[in-house]
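An overview of the molecular structure
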Amino acid sequence: MNPKDLEQLLLLEQSGELTPQQQRRLEAGLAAAPAARQLRRELQGLARAIPEPSTGPAPDATEKILARLAANRPAPAHNWFPTLAAAAALALLLGSYALHSSRSLDAGTGRAQATQSAMLDADEWTDPLEQEFADLENLFRVMAEQPLFDLADL
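Attention here is on the structure that accompanies the text. (Residues numbered from 1 in each chain as written. Predicted model: local features only at pLDDT ≥ 70, side-chain atom pairs only at ≥ 80, totals over all residues. Heavy atoms only, no water.)

**Points about the overall build of the chain**
- Counting secondary structure elements, the chain contains seven helices and zero strands.
- Every one of the 154 residues in the chain was classed for burial, and the buried ones make up 11%.
- Intrachain contacts of the chain at a sequence separation of at least 6 include 52% that bridge at least 24 residues. (Helix = DSSP H or I, 4+ residues; strand = E, 2+ residues; numbered from the N terminus. Buried < 20%, exposed > 50% of the residue type's maximum accessible area, 1.4 Å probe, protein only. Contact = heavy atoms within 4.5 Å.)

See the structure below:
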């Protein structure tokens, strides 16, 4: 038996994983090699010197795990995200519908132009987001005038 195989068998013996066939091979190898017997005594001495590891969890492990789980628990508000998204979409659709209906009613009478000029006269200051709001209003108007689906498509 070569020394490498003998070392493997000695390590398996230390871990308690030897099969009966391997045990017989180890005993035959130990009988033939005095150096292997010396190595076996050294390994057994080391095994006695090393303390047995604890197999159970640490005494405070349960409390630490529960504390970490409680700290990492997601906020219950995340369940509201789909509802908030649906509400925002509904608000945009209703707003575009209201914009379209008010524009069509005010177009013949000219009230929209009078209301807008009165608002500009009352407020002399300029809004820094005025252009962005105007672009958004134009986008809503275009969306309201050109529906995405006809009734026949639905």
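**Concerning the nonpolar core**
- Listed in full, the eight residues of the largest apolar core are L6, L9, L10, L18, L26, L30, A36 and L43.
- Elements with a contribution of two residues or more to this core: α1 (3-15), α2 (20-32) and α3 (34-49).
- Among the elements that take part in this core, α1 stands out by supplying three residues, more than any other.
- Setting aside anything within four residues of it in sequence, one finds L43 in contact with L10, L11 and Q14. (Core = buried A, V, L, I, M, F, W, Y, C linked by side-chain atoms within 4.5 Å.)

**Some words on the side chain of R40**
- Along the polypeptide, R40 turns up in helix α3.
- In terms of polar contacts, R40 uses its side chain to reach the side chain of E13, at 2.4 Å.
- In contact with R40, other than residues within four places in its own chain, are L10, E13, E27 and L30. (Polar contact = N/O pair within 3.5 Å; in protein donor to acceptor, adjacent residues only side chain to side chain.)

**Observations regarding the pattern of salt bridges**
- Across all of its chains, the model carries three salt bridges by this definition.
- For D60, the salt bridge identified is with K64, shortest N-O distance 3.4 Å.
- On the basis of relative accessibility, which here comes to 35%, the residue D60 falls in the partly exposed class.
- Relative accessible area serves as the criterion here: at 52%, K64 is assigned to the exposed category.
- A cluster of three or more residues bridged by salt bridges with shared partners is formed by E13, E27 and R40. (Salt bridge = Lys/Arg side-chain N within 4 Å of Asp/Glu carboxyl O.)

**A short note on the environment of E7**
- Here E7 is to be found in helix α1.
- Distance from E7 to L26, taken between C-alpha atoms, is 9.4 Å for residues 19 residues apart in sequence.

**Here's the deal with the side chain of S96**
- You can see S96 is positioned in helix α5 (residues 81-107).
- By relative accessible area, which is 10% here, S96 ends up buried.
- Polar contacts involving the side chain of S96 include one to the main-chain carbonyl oxygen of L93, which spans 2.9 Å.
- Excluding residues within four positions of it along the chain, S96 makes contact with F140 and A144.

Note that all results are geometric; they support no functional claim without further evidence.
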